[in-house]
Every structure is written in C-alpha cells, then in structure tokens.
Amino acid sequence: MGFHTLHKYICVFVLSLQIVWALDEVALLNPPEEPLPDYRLEVLYSCDEPATVQLDCVVSFETGITSTLLLRRWSCDPGHPKVKTLQLNLPDWLVYRGDGIVPDSQGVLSCILLASVRYSGFDDAESSVAAQDVATLWPKPFFSRPVKRHQLCISWSTEMLQLTQLFSKKQCPSERETVHLLSSLYGSTGESFGITKTLDPYGAEFLEHSRVKAISSPWCMFSMWIFVTRHCQERLCGLLYRIDSLNNYVTPTVLLKKSGRLHIQMDGESEGSSAFTPTFKVPLSEWCQISVKLLGRMVTVSMVCVNKEQRTVHSTVEMLEHTVVLDDTEGYFVIGGGKYISGVEGYFGPLVYYRNRIPAHSMDDVVIPDVIRTVNLTGWLHTCQEFRLEMDVKISGYSLQAQQGTESGKTCFDAFHKWMVRDRLPSKTQCEPWETTVPHRRQAAKLAKFLVFKHGESRASLPAVGRALYSLSLHKLSRASSTGVVSRILPLLLQAGCLADNRALHMSSVLYSAGLGVEEQPNKAWLLALLAAQKDERLALLHLGHLHHQGLHGLPADPDLAYAYYANIAQQTTLDRHKPTPQQTFVEAIYLNNDEVLNLQTNEDHHLFQWLKLQAGRGAADAEQAVARMLFWGQQGVSPDIQKAVKHYERGAVQWEDPVSMYDYGIVLLQGQGVEKDIPKALTFLKKAMDQHFVPAINALAWYYESYERDYEQAVQLWERADLLESSDAALNLGVMYSQGLYPGKAADQCMAYRYYRKSAERGHIRGGILLASIWTTGIPGCVSRRPSDALLWVKWAAEHNGYLGKILRKALDSYLKSDTFSSLLYYMMAAESGYSPAQFNVAYLCEQNTLDFLDPSFASNCMWRYYNLTLQSENPDTYALIRMGDLLYEGQRDGQKDLFSAAAMYTLAALRNEPQGWYNLGLLAEAGYRLPLSVLIDLGLSELYLADNSLLLSTLYKRCRDSEDTHSYLPCSLALFNVNLRSFQKDYSAAIKFSTAVAVVAASTIFLIILGVLRRHVLSPN
C-alpha cells in the first residue's frame, strides 16, 4: 500500500469520526511540493450543513505584500466525506519561466494552498470559515522552471518586446568618465581637514585599456570653484592634490601660496617632478573657477573670477620638459587640508574631473553653478558688509560723543536751542546723519551706544555688539510662550551673526531648517550653517556633517564630505576634554520619557547632591568619586567647578586611600588642572593606585615615563601590562609608539599601529576612534583597505562627545525640568539638527506632548513625524520611537494614507527588542483583520503556517507580550490573551454550548416546577 493511499484512508477515517461529532473538515490529500503545471489535486471534505468549499493560493512577495488568488470553489452537501479531484491551475508566473509573455516572478517568497469550508454562501469574511487546511509550495528558481509552450503564434509587438529585453540585458554598465569629486559646497576652516576621494578602474575593457595607455600621456581636465576669504597663513595651503602609496605629492598638485598665487606641480616617470607658479593671483571674496588641463607635456592653467556682473579671465600655458604621469586609481585625491598640509580658508564649490577628455568650451562661457547661485553667499556677505560699515560709523560717532562728555539723546540740539527755550518755542532736535537708523537695526544701534558709554571704544567692538545681540535674543526667547515671537527675534540673531557671533548663525540656521516660528528655508539654513562652520563653530560642523551624511534637505549624501566636518569637531573634542571650561558639560544621553533617569538629575542645592556630599564626608569612596566627577565634568545637572572637584579628589586620595581618587588626584597634579602642578606628588599617588591594581594608574605612569623621562622601554612595559587588562589608553599609546617608530627595538609599523588603534577604539577611546577613522579614510597599501563609511561612523561617534554639545543638552534638560518647554525645545532642536539621536527623540517627544498647546497642531504633527523618523536612523533607536512611528504610519498622519505594512515593520523592530507594546500592537493589527506579511512572521521567528490560523497567531503574540520583563504590561496582555482564548473556545464549541444551554434551560424549568409543587403542598397541608 502506497504512502498517499494510506494517508488518504487515515484522513477518511479521522474525518468520519469528526462527522459523528458534527464537525466540518477539509484536507488536501496529495499537495505538490512546488508549483507544477496541470497537477491533479485531491481534496477531502465534509460539512454538517450546506456550505461552500474554496481553494485559494496565498502568495507572499519579497516586498512584504501578500496576495490571495481564488483557484476553485464548489458546493458541499451534508453527508459522508467526499473526495474531489481537480486540476490545479496555478498562475503561469508561478510555474513557468518568464519569457516576455509570461511575466517574471523572482520576487515571490512562498505560495500556500489554502482549502476551506465556508458558510453563508460565498462570503469571504473570515468569520464564515468553519474548517481549513494548508500546504506550502516552494517556487523553483528562475532557471529551473520549464518554459511554457504557447499554443498560438505570438504577436509582432510581443516579439519585438522580447528582443528589446534581450538587447537591454546586454548593455554595458554606466562608467564615470566625468567624475564629480565635489558636487556641493564645503566650508574650509583652513586647518588640516579636507575631503578624500578615490577612483576605481573602469569596468569596460576598452575604457580601462585607454586609461592605462594614457597614464604616461594624460588628456584630461580638472575644474574647481573656490571662494577664498583669507590668504594662506603658511607657505602653502591645499586646494587639490593627490597622494600616492609612498605618501608623495603626485599629479595633479594645485596649492595656494602665501602671496595668493597658485603653485602647480606635476610628476613624471623617472625625471622627477616639475613645478611652476602662474603670474596671476587668486582674489579674496570672489567666486573663481580654476581649470587645469593636461595634454601630454602641456599644462594649461586658467582662472575665471566673477564679482557681481564683472568677469576677470587669466590663463597661462606651461610646456614641461618631461612627460606628465597620472594614474588616477593609485593613491587618493584630497580637496583642502590633509595630513601633510593645511587647507585654504574659504569655500570650495563643485569640482569636476574629466578623466579622458577636455571639454570644448571658452572661458567666456563659464557660468556659475546652480548650487552656488542657490546659496547666494556673496549676497549675504555684501549685505553684511554694509551693516558692519554702518555699525562702525555709529561706534566711532558714539565714541566721539563720549569723549566730549555728551550723549546724543540729551544734548543733540539745533543751533537755535537757547532762543527756543527762552521764548518757549517747540524745539526739534537735529541729530547727525550717521545716527539715522532703519527700524530693524535700532536695537543694534542702542546696544552699540550702551557699550560705548559704559566700556569705552576699546571694548565696544563689532564682535562685542554681536555678543550683546545674541544674549538679548536668548533673553527674549527664554520669555516666549509660543513660537510667534521667533519671527521678531530672528533679525537680531542674523545681525549678531553678521557681527561675528557664530552661535547666532547656528541658531538661525536651526530655526530656518526646522521651521520653528518661521517659514522653513533649507537653502538659507544651509548658508548660515556654512558661514558658522567655516568659522569653526562646533555645532555647525556637526550640523553640516549630519546633513551630508544623511543627504537631507536636498543635499547629496557624501560620506567623504561629511567626514571632513565630523573629523574637525572630533579633533576639537579631544583637545576640549584636556581643557575643561564652564562652556563645556559632559554629554549625557537622557531621554525625556525615562522618569528614572530624570529623577537622578540634581544640582548643587538639590537634596540628592547634598546627600552624596554627606556620604562622601563620612568616608564613602563611591560617593566621593561621584561628587568629584559631577563637579569636574558638570554631570547630572551640577555646574562644573574644577577647584572643588580637586578637593574631593584630594580627600578621597589622602583620607580614604581610594585608588580611583588617588588616580584622579594624581592626574590633576600631573597636568596642573585646578591645582598647582606637582609631579613628584602626582607620581606618589599614581604608584599607590597602581599598587592596588588600578589599571588607569598603570597607563598614567607609562605616559609619564614616555613624556617626561623618555624611558620608552619602561613605558612600553607598563603599557603592555595595562593592555592585557583591557586598557583603551594603553592600546592607543602602543599604537602611537609603533606609528612613530618609538617602540624599542622595532621599526615604524603602521599596520601594527592600526591594530592597536582599532583595539583602543573598540574599547571606547575617543582619540583611538579618530586615529582609526583617519586610517580607514585613506587606507594603508597592502594592509588596510579604504572604508569611508566606517570611518565616518567613528568620527561621528567621537564628535558627539564634544562638551559644547553637552552644554546645549544640559540647557535643554534644565529648561525642561523648570517647565520652560519652549526653551527646552529650542535647545534640543539645536542638538537634534546636529544629528544627535537622543535630542531628536526629545524634540519629537516635546512636540508630541505639546504642553499648553504652545505649538501649532500642524507643526507639532510634522515635528513628530520628522524627528521620530530621524531617531530611527540611529544605530540603537529608543523603542518608544519605534512604537510612536508605527502609530503615525498606522494613523496616516503624513499624507492621510495608512501604511500598515510599514507600521507592522516598526512594531516588529520594537518587539524584537523585547518591547511588549510591539507585540501588543501587532496583535491589534491582526485582530483588526490585517494579514501580517510573511517577512514579519519570519523576523519574529514564526512559520508561515501562522497565516492560516489567526487565533494561534494572536495567542502567540499576546503570550510573548505577557511574558516580557515589563511588569506593567502583564495585565493588559493577559486580558487580551484571555479574550482571544474565549473567542476561540466559543468558535470551536459553539454547538456544544448551545446544546448545553438548552439542556440547562429545560432542566432549570423542570426543577423550578418541581420545587414550586413541593412548596404548594407544604402550604396546603395544615388545612
């Protein structure tokens, strides 16, 4: 007896038993394992009442979409089980290979045959399903499927379509013959931070052969736009150059000299390099296009500068004595500053490299690129220059009045004042022409006058007026209760930025970028951020790094450009941490929905801080460490006070002999932070801490031997010991020793240095992460491949530890704790626009809360969508953001259209991180009739069979919700699970329940009549 025959008889026997108990059933007796053409399928079915048997095909696609296809439907009459044999007609795209007539179906994940017995006629509602059975079919790979033999001749149009598809598959891939090394704008601070680019060989054999052949005889052109704000302060500054594998400058090398003239350098095969200097100079504050054309030994350098409507053209041709060599795939290109040279102070515009041609166009045809016109940097600078000149005149005039002992508001009289006073005639003051001020600049003039009369001309400078305007703007914003005041204060911020207050530029950029109280203007926000970043404003550097990392506001995503901004502030972060100031605070990732962390925030007068100080005075080493740490770094709401922190370090080290305090006290003594430098005393405490096996003390002593004693052997010995104990500092310093060739008995080894830098970074060292990123952005030939995306993530991580960012976050949190919601939103928005994920979450959370309706409802809704969405792009987003983003997608708040698939994906991500709300919301979606995609079930670790049994799916989801570690979710999840089980029980035993209810009613009635008769006999018996 065959297996299928045995299986068939077993199904008939089981189904017969179920018929006795009046249960409906259906079974697929011989389902195929894969979609087959013309397959004969046998279906066993029975029903208790007239019903319908339906056969469906449920197809799941890679996109997450699930489609149900009706295959067959027939009636079922009550009685014994029946077997129906039918031909399984599946869609051609599931069975056959796509051929132009049959569509392609490579996006299919699985196919499920679903047989069901349904009541209520041909209704498709799930409640009408009485019984069902499923079988999974796995589609064959594309080339393993048969080709369908079409019975009719195909039409001419179909045949042409097939030929077109064949030809389209044979097209060559696109090649980057014209390379846009920079398609955006870059604000260069003039430091050693620039944009690194590499090129790959051509994929097409012909193009690559031509490129290799032209290495010794290049025919190409480089075109760059540059806006220089200040002449080079060193002998040479970088514009565009290439570094080879031996760290040499090679073709092309375009540098800017201190005199403003260009330095052009080209190298040959064996003749060495040649350099020349064109006669023209690069002007200041003008957009100029510099072109370098290479044609064999001839080098043509031209420059076109545009100043308003004026155009200046320069050109020079140099014939070299040797052949120029250019292999653009070897080494890397650098735009601006780099490891070996500082960059130009100013702005870089689009930079194009024509790899194998020189475009035919005249210098008279040069047009300013659209991206430069859109930003309109020159327009801002011209307007700003006019304002600065006006304020200079006013400061000089007020200074003259102050020297004469008069004040314009009281003593600016006309020539006939004496006679007017004597005759009581109405007087009209006649002021100097320079005192006339347009209304929107009166506040700046008043502040300039106040500073002159209070501090004198020496301290009443333009930057001082700018700082005063910024402080006044913050004061007005802190008193605001709604966003309406922003539009009135924004002009003050712009004027402050014009007068060199870069903080005001950054805040204005944030307001335009977020649209808080003003019309959202991404281009103007970008301009203001560029102005601030070019002046080295830390948060503006973060902002631009974030924009180019994510490609926001229409800007191109460029990891190399983003790296240039992030690397700048990351380097400043390492320097800032060695020079603590009141303007810096330790960066703490605090989420406003975390009440436990919020309750730990304190200040100098808070009971928690006072209790810690009391415990520290009683000898609790942990409390002493906590108080000192709060005071030194400004943590948990405590203002930084290094002198007080040192006293706690000293007490912990001297009185309690705590190794942590001894180490911290030794470090501040060694560096002279908050206390006079005392190296012998510092060594004493560091050695005591090391004797107690405190690993950082071992590293600190090694640093002393290396920096002060130049005893590299002793230093390396201690660092090796600390490295075995997982010290991040030790790994970093060993990497430096290998890199600089200071490791005793060993030559410089950059590969070994890289290994130690990576180890240090993975242990959490900020400088280790920066050095690792520096290697990954260029690579080490033969050792380390270039990894620009990973390099970007490391410098971003390092940059987000900057203390100035921490100060903004602290201001935001303090404002929130004081119920100043508007100020809190403003400060968090400054950090959020810089890409800091916890701040993005907090902005969305504040917009969601919208306390006292201080935000317009439409702005609050868009704010939630925007910043929760940005939060999700971080490496480890908060689960609350996942849930809320899922809710927004479910409610269709973005465009009015519900996106259930994306909502389910958000809830799934939350559920996988053990968030009970994620499991609960998935259950609600399933209860509402939404069929969860197969991709969601796979992610949750559930098989596709759960698609066929909604009750089982709901039970599983709610059980996982109940069994999570969150005690608050136990009750609602348990109730939901009970409701599912109750409905399942009612569905499975509805007939039995009805029969039991009927029996109970009859029995109760009979018992009632019997009892009534007995009582009646008892009443009548006395008579």
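The structure reproduced in this document is the subject of the present report. As the structure is a prediction and not an experimental result, all values here were calculated from the model.

1. Quick notes on the sheet that holds strand E15 (residues 273–276)
Sheet architecture is open: six strands sit in the order E10-E19-E12-E13-E14-E15, paired in antiparallel fashion. Strands at the two margins of the open sheet, each flanked by one partner only, are strand E10 (194–197) and E15. Looking at each pair of strands side by side, their axes are set apart by 15 degrees on average, direction ignored. Here strand E14 (residues 262–267) runs beside E15; their pairing, made up of four bridges, is antiparallel. Within E15, the residue paired with Met-266 across the bridge is Ser-274.

2. Here's the deal with the nonpolar core
Core analysis: the largest hydrophobic core is formed by 260 residues, its most contacted members being Leu-239 and Leu-262. Each residue touching Leu-262, except ones within four places of it in the same chain, is listed here: Leu-239, Val-254, Leu-255, Leu-256, Lys-257, Phe-276, Thr-277, Pro-278, Phe-280, Val-282, Ile-290 and Val-301. Membership of the second largest hydrophobic core comes to 30 residues, among which are Val-53, Leu-55, Cys-57 and Ala-131.

3. Quick word on the packing of aromatic side chains
Aromatic rings considered in pairs are described by the distance between their centres and by the relative angle of their planes. All chains considered together, the criterion is met by 25 aromatic pairs. Where Trp-703 meets Tyr-708, the ring centres are 5.9 Å apart and the plane angle is 80 degrees; that geometry is what we call edge-to-face. Assessed through its relative accessible area of 29%, Trp-703 is described here as partly exposed. Judged by relative accessible area, Tyr-708 falls into the partly exposed class, the value being 35%. Centroid distance Tyr-738 to Tyr-756: 5.6 Å. Interplanar angle 15 degrees. Geometry classified as stacked. Of this pair, Tyr-738 sits in helix H24 (residues 728–739) while Tyr-756 sits in helix H25 (residues 750–762), placing them 18 residues apart in sequence.

4. Considerations on the state of the cysteines
Taken as a whole and judged by the stated rule, the model has seven disulfides. Put simply, Cys-751 and Cys-783 are joined by a disulfide, and their sulfur atoms are 2.3 Å apart. Pair noted here: Cys-751 is in helix H25 and Cys-783 is in the loop between helix H26 (766–778) and helix H27 (788–799), with a separation of 32 residues, a long-range link. The exposure class assigned to Cys-751 is partly exposed, which follows from its relative accessible area of 21%. Owing to a relative accessible area of 31%, Cys-783 belongs among the partly exposed residues under this scheme. Between Cys-847 and Cys-863 runs a disulfide, and the two sulfur atoms are separated by 2.0 Å. With the S-S dihedral at roughly 75 degrees, the linkage between Cys-847 and Cys-863 falls on the right-handed side.

5. Overview of the packing of helix H34 (residues 916–927) against helix H36 (residues 950–962)
Helix packing geometry: the angle between the two helix axes and the distance between the axes. Contact pair H34 / H36: the axes reach a minimum separation of 8 Å and the direction vectors enclose 160 degrees. Between H34 and H36, the interaxial angle falls into the category roughly antiparallel. Pair H34 / H36 crosses with left-handed handedness. Together, Pro-916, Trp-919, Tyr-920, Leu-922, Gly-923, Leu-924, Ala-926 and Glu-927 of H34 and Asn-950, Leu-953, Leu-954, Leu-957, Tyr-958, Arg-960 and Cys-961 of H36 make up the contact between the two elements.

6. Observations regarding H25
An ideal rise of 1.5 Å per residue puts 18 Å on 13 residues; H25 measures up with 18 Å between its terminal C-alpha atoms. Regarding H25, the residues found buried are Ala-753, Tyr-754, Tyr-756, Tyr-757, Ser-760 and Ala-761. In this structure Asp-749 caps H25, since a side-chain oxygen of it lies 3.1 Å from the backbone nitrogen of Cys-751. Looking one or two residues beyond H25, the residue adopting positive phi is Gly-764, at roughly 100 degrees.

7. Some words on the environment of Pro-146
Within the element layout of this structure, Pro-146 appears in the loop between strand E7 (129–137) and helix H3 (156–169). By relative accessible area, which is 34% here, Pro-146 ends up partly exposed. Along the primary structure Pro-146 and Leu-36 are separated by 110 residues, whereas in three dimensions their C-alpha atoms are 9.5 Å apart. Contacts of Pro-146, omitting those with residues within four sequence positions, involve Val-95, Tyr-96 and Arg-97.

8. Things to note about empty space enclosed by the protein
Per the counting criterion, the structure on display carries four cavities of 30 Å³ or more. Within this model, the largest cavity holds a volume of roughly 80 Å³. Elements with a contribution of two residues or more to the lining of the largest cavity: helix H28 (803–817) and helix H30 (837–849). Among the elements that take part in the lining of the largest cavity, H28 stands out by supplying four residues, more than any other. A per-class count over the lining of the largest cavity returns nine nonpolar, two polar and two charged.

Here is what the cut-offs are and how they apply
Here the residue index of a chain counts from 1 through its sequence in written order. Totals for whole chains, interfaces and linings use all residues, but because this is a predicted model, local features are given only for residues with pLDDT of at least 70 and pairs of side-chain atoms are given and counted only at 80 or more. To get the side-chain values, all heavy atoms of the structure are used, and hydrogens and water are removed first. Any two strands with at least two DSSP-identified bridges between them are counted as paired. Runs of H or I in DSSP of at least four residues are treated as helices and runs of E of at least two as strands, each being numbered from the N terminus. Helix axes use the C-alpha atoms of the stretch in contact, all axes being lines fitted to C-alpha atoms, and the angles between their N-to-C directions lie in the range 0 to 180 degrees. To form a nonpolar core, buried Ala, Val, Leu, Ile, Met, Phe, Trp, Tyr and Cys residues must be joined to one another through side-chain atoms within 4.5 Å. Only protein chains enter the calculation, and the probe is 1.4 Å; a residue is then buried if its accessible area is under 20% of its type maximum, exposed if over 50%, and partly exposed in between. By definition, residues are in contact when any of their heavy atoms lie within 4.5 Å. Aromatic rings from Phe, Tyr and Trp, taking only the six-membered ring of Trp, are treated as a pair when their centres fall within 6.5 Å; an angle between ring planes under 30 degrees marks them as stacked, one over 60 as edge-to-face, and anything in between as tilted. Count a disulfide wherever a pair of cysteine sulfur atoms falls within 2.5 Å. The scheme is simple: roughly parallel for angles under 35 degrees, roughly antiparallel for over 145, roughly perpendicular for 65 to 115, oblique for anything else. Each crossing gets its hand from how the near helix is turned against the far one by less than a right angle, where anticlockwise is left-handed and clockwise is right-handed. Working rule for helices: expected span equals 1.5 Å times residues minus one. Pairing of N or O atoms within 3.5 Å defines a polar contact, subject to two protein rules: one partner must be a possible hydrogen donor and the other a possible acceptor, and residues neighboring in sequence count only if both atoms are side-chain atoms. Buriedness of a pocket was judged along seven lines, with at least five required to meet protein on both sides within 12 Å; pockets are open sets of points on a 1 Å grid over the protein atoms alone, cavities are sets where a 1.4 Å probe fits but cannot get out, and lining residues have an atom within 4 Å of a point. Grid points are joined across faces, edges and corners, and a volume is the space filled by probe spheres set on the points. Any residue outside Ala, Val, Leu, Ile, Met, Phe, Trp, Tyr, Cys, Pro, Asp, Glu, Lys and Arg is labelled polar, Gly included; the first ten of those are nonpolar and the last four are charged.

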